[in-house]
Each structure stands twice: as structure tokens, then as C-alpha cells.
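The residues making up each chain are set out below.
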Amino acid sequence: MTQLDEHYTNPRLVDLYDIENPRGADTDFYLGLAAELDARRIVDLGCGTGLLTRDFAAPGREVFGVDPASAMLAFAQQQPGAERVNWIESDAAALGNLAADLLVMTGHVAQVFLTDAEWQVTLTAIHAALRPGGVLAFESRNPAAREWEQWNRIDSFAEYDSPQGPMATWVEVTGFEDNCVRFEGHNVFKATGEVAVVHSELRFRTQEELVRSLQAAGFTIEHIYGDWHKGPLRGDSSEMVFVARRG
């Protein structure tokens, strides 16, 4: 199982997740895709706090929220509409043959798989969880855009109120090797002065690497978008949004 960092395991930091990652154009994209496909059985792999998962859970659908982080699922299960979702504490290994119409990985979940072996194992499990013709959709940051160059205190600094009181947060890159970016998330609880520093690492795969891995797992790629409005993928696009179908 992929190593989880403290942003997903520390309940106090989990409380901040939806504040720092609110609904946006990505949410609308995945909800629109589900409607377009008339998806009746949906899996949200790496569902986190379940913000999108609960929106998927409309009447006539069966929705599964899957995440290995117990603290994230505990938060998700306390939110309005949580009773409409089947929550599973695990990674892709627990999916089995769900015959899902649609499986999504949002929030750049695809980048937490640092080695090619664990990424390929995950894609194989996803392939098995989808029905023939079922669709996988996910996004990954485009390494050509070099977004991590803005991951510094000046460019990423933010202050906001939270259930934990006033916060100050920022990220700083600490290393880059083999297409993996290591960085620290700084979380200052201003009421007490306590600072929680979380160490994280993400893999930045190229478009070509992702295409090859999907094809090796038995997927046919239908679309690669460069933004959440279905624009073309360009060299400077920050996102690579993949829509692939089980063959």
C-alpha cells in the first residue's frame, strides 16, 4: 500500500482539506462526465473527504468511496449525504469485480504512486473493477508546466479560518529526483503557534508514460484534455485529464 502522509492521517489536518481543496471546475467536469455516460455504478478511488463522492450519489446510482486513510473516511462519513455512499477503507486491491460504469481518481491521486510497479498494479485492479466498456477518468499535473516551481513560501502562502482556528499554510519543495518532487507542507495553528510540517512526494509522469501504462493495462484512450473545459492538451497546460475505456 502507498505510504500516506500526515495530511490524510492527522484528523486536525483532515479538517482543513475541503477548505484548501474546495469544489471547482474539476468537480463539474467529473459530474458532467458521469451524466454524459449515464453511469449507474461509480467508484471514487482515493475519495478522501468524499466531497465529489457524495455529489455522485444521486438517485438511481450506486456509489463507492474508496480510500486507505481512515481519518479521511471518518470525516467523509460525518458529512450530509454520506449515507448514500458505500465507504471502503482500502486501496484499489479491495475493488474486485464491481462491474463499475465509471471509476475516477481525482485530486491528483494518480501522482501518489511513485513507482511504475505500484502504478501498474493499481491500473490492473481498476481494469478488473470496471465492466467491459467501463470508463476510467483521472488527472495528473503536466511536468512540462513545472508547477512545482511555484511551490514556495511566497507563491503558496495562504491564511484562513478553520475548525482549528486561524491558519497559515504554505509549501516548499525540498528535492527533485527521477521525476519525483519532494516537498513540505507547513501548517501554522496561529492560536497556539504550533507548526505541523508534513513531508510529501509526488510522481510527475509524462503524457507518453501515462499513455503507455494505460495501454499496457488494457485501456483504450478516448480523450486527453489540457483543462477542465475539454480544451486540447498543450505544452504549457497545467493539467492532463485522461478519459480511457476498458477494452
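For the structure, see preceding data.
Residues numbered from 1 in each chain as written. Predicted model: local features only at pLDDT ≥ 70, side-chain atom pairs only at ≥ 80, totals over all residues. Heavy atoms only, no water.

## Quick word on the overall build of the chain
When its secondary structure is counted, the chain shows nine helices and eleven strands. Against the 2.2 N^0.38 benchmark of 18 Å for 247 residues, the chain shows a C-alpha radius of gyration of 18 Å, consistent with a compact globule. A burial count over the chain gives 49% of its 247 residues as buried. Sequence-distant contacts in the chain: of pairs separated by 6 or more residues, those separated by 24 or more amount to 61%. Total accessible area on the chain is roughly 11300 Å²; 49% of this is exposed by carbon and sulfur atoms. A gap of 6 Å separates the mean positions of the 20 positive and 37 negative side-chain charges of the chain. (Helix = DSSP H or I, 4+ residues; strand = E, 2+ residues; numbered from the N terminus. Rg over C-alpha atoms; globule rule 2.2 N^0.38 Å. Buried < 20%, exposed > 50% of the residue type's maximum accessible area, 1.4 Å probe, protein only. Contact = heavy atoms within 4.5 Å. Areas by Shrake-Rupley, 256 points an atom, 1.4 Å probe, with all protein chains shown as cover. Lys, Arg positive; Asp, Glu negative; His and termini not counted. Charge placed at Lys NZ, Arg CZ, Asp CG, Glu CD.)

## Side note on the sheet that holds strand 3 (residues 85-89)
Taken in spatial order, the seven strands of this open sheet run 3-2-1-4-5-11-10, and their pairing is mixed. Here the strands that pair on one side only, and so sit at the sheet edges, are strand 3 and strand 10 (219-225). Between one strand axis and the next, the sheet turns through 20° on average, direction left out of account. Note that strand 2 (residues 62-67) and strand 3 share five bridges and pair parallel. (Pairing = 2+ DSSP bridges. Axes fitted to C-alpha atoms, helices over the stretch in contact; angles between N-to-C directions.)

## Remarks on the sheet that holds strand 9 (residues 194-203)
The four strands lie next to each other as 6-7-8-9, forming an open sheet whose pairing is antiparallel. Each edge of the sheet is formed by a strand with only one pairing partner; in this case those strands are strand 6 (158-160) and strand 9. With strand direction ignored, the average angle separating the axes of adjacent strands in the sheet is 25°.

## Quick look at the packing of helix 7 (residues 116-129) against helix 9 (residues 207-216)
Across the interface, helix 7 lies against helix 9 with an axial gap of 9 Å and an inter-helix angle of 45°. Taken together, the axes of helix 7 and helix 9 are oblique relative to one another. Classified by chirality, the crossing of helix 9 by helix 7 is right-handed. Judged by residue contacts, Trp119, Gln120 and Leu123 of helix 7 engage Leu210, Ser213, Leu214 and Ala216 from helix 9. Counted by class, the contact of helix 7 with helix 9 contains five nonpolar, two polar and no charged residues. (Parallel < 35°, antiparallel > 145°, perpendicular 65-115°, else oblique. Left-handed = near helix turned anticlockwise from the far one by under 90°. Nonpolar A, V, L, I, M, F, W, Y, C, P; charged D, E, K, R; others polar.)

## Regarding the nonpolar core
Judged by nonpolar contacts, the single largest core of 29 residues is most densely connected at Leu103, Met105, Ile126, Leu136 and Phe138. Elements supplying a minimum of two residues to this core: strand 1 (41-45), strand 2, strand 4 (100-105), helix 7, strand 5 (130-141), helix 9 and strand 11 (239-246). Here this core gets five residues from one element, more than from any other, and that element is helix 7. Once you skip the residues sitting within four places of it in the chain, Phe138 turns out to touch Tyr30, Met105, Ala110, Trp119, Leu210, Leu214, Met240, Val241 and Phe242. (Core = buried A, V, L, I, M, F, W, Y, C linked by side-chain atoms within 4.5 Å.)

Keep in mind these numbers describe shape, not what the thing actually does.
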